[in-house]
Amino acid sequence: MANVTFSAPTLEKDITVYAVAGDNKTLLGVAKQHGVAIPCQCQDGQCGSCLIKVTILDDKRPSGIHLTDKEKVTLSVNGKLTKAQLADAETNDMPPPYRLACQYIVRNEDILVEFSGEPGVE
Ligand code: FES
C-alpha cells in the first residue's frame, strides 16, 4: 500500500488515497479512479500534458524507478529532465522530480503529487 497525496490549485483541498503497489496502475489511472482530474491528452507519454511533480515522503531510499523511453524524451524536450538528472536516474535509480502521470507506476512508497491543472505545467 502507498499513500498518494494529490495537491493542485484546482482541488478544494489535498486528496490522499491508498494505492495498491504492484498492480501496475499508472498514477494517472489512480487519479482517475479517485476522481482527481490531472490534465491528459495522449495517455501515451508523448504530449507532456500530464506533467506532475513527485516528492517521495518516505525517509527510506526511493524505490527503484523506471522512466519509459517516451517519458525520457518528452520530459527532456520540455526542459523538465536535465542530462544530469537522466544520468542519475539511469545509473543510480534516483528519481527526477518531474514525471508524466501516464507513465509513472505507483510503488510501495508514500508520495506527494503536485500539478497545476494546466496541461504541461507543473
Ligand atoms: Fe500525454 Fe501523459 S497524457 S504524456
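Details of the structure are given in the entry above.
These figures come from a predicted structure and were not determined experimentally.

**Brief notes about the sheet that holds strand S4 (residues 98–100)**
Strand order in this open sheet of five strands is S2-S1-S5-S3-S4, and the pairing throughout is mixed. Two strands in the sheet have a free side with no partner beyond their single neighbour: strand S2 (15–19) and S4. For this sheet, the mean angle separating the axes of adjacent strands, direction not counted, is 35°. With three bridges joining them, strand S3 (residues 51–56) and S4 adopt antiparallel strand pairing. If you follow Ile52 over to S4, its bridge partner there is Arg99. Sheet strands touched by helix H2 (residues 69–77): S3 and S4. Its angle to S4, the strand with the most contacts, is close to 130°.

**A look at the environment of Thr74**
Structurally, Thr74 can be placed in helix H2. According to the relative accessible area criterion, Thr74 is buried, its value standing at 7%. Spatially, the C-alpha atoms of Thr74 and Ser49 are 9.9 Å apart, while their sequence positions differ by 25 residues. Setting aside residues no more than four positions away along its own chain, Thr74 makes contact with Gly45, Gln46, Cys47, Gly48 and Leu100. Within polar-contact distance, the side chain of Thr74 engages the backbone oxygen of Gly45 at 2.6 Å.

**Brief notes about the pattern of salt bridges**
Taken as a whole, this structure holds four salt bridges when the rule is applied. Of the charged contacts, one joins Lys70 and Asp44 as a salt bridge, the two residues approaching to 2.8 Å between their closest N and O atoms. With Lys70 in helix H2 and Asp44 in the loop between helix H1 (27–33) and S3, this pair connects stretches of sequence that are 26 residues apart. Residue Lys70 is classed as partly exposed on the basis of its relative accessible area of 35%. Among the salt bridges present, the one from Lys72 reaches Asp69, with a minimum N-O distance of 3.7 Å.

**Some details on the side chain of Ser7**
Residue position: Ser7 is located in strand S1 (residues 2–7). On the basis of relative accessible area, Ser7 is assigned to the buried category, the value being 18%. At 3.0 Å, the side chain of Ser7 and the side chain of Asp14 are in polar contact. When near neighbours in sequence (up to four residues on either side) are disregarded, Ser7 contacts Asp14, Leu112, Val113, Glu114 and Phe115.

Cut-offs and rules
Residues numbered from 1 in each chain as written. Predicted model: local features only at pLDDT ≥ 70, side-chain atom pairs only at ≥ 80, totals over all residues. Heavy atoms only, no water. Pairing = 2+ DSSP bridges. Helix = DSSP H or I, 4+ residues; strand = E, 2+ residues; numbered from the N terminus. Axes fitted to C-alpha atoms, helices over the stretch in contact; angles between N-to-C directions. Contact = heavy atoms within 4.5 Å. Buried < 20%, exposed > 50% of the residue type's maximum accessible area, 1.4 Å probe, protein only. Polar contact = N/O pair within 3.5 Å; in protein donor to acceptor, adjacent residues only side chain to side chain. Salt bridge = Lys/Arg side-chain N within 4 Å of Asp/Glu carboxyl O.

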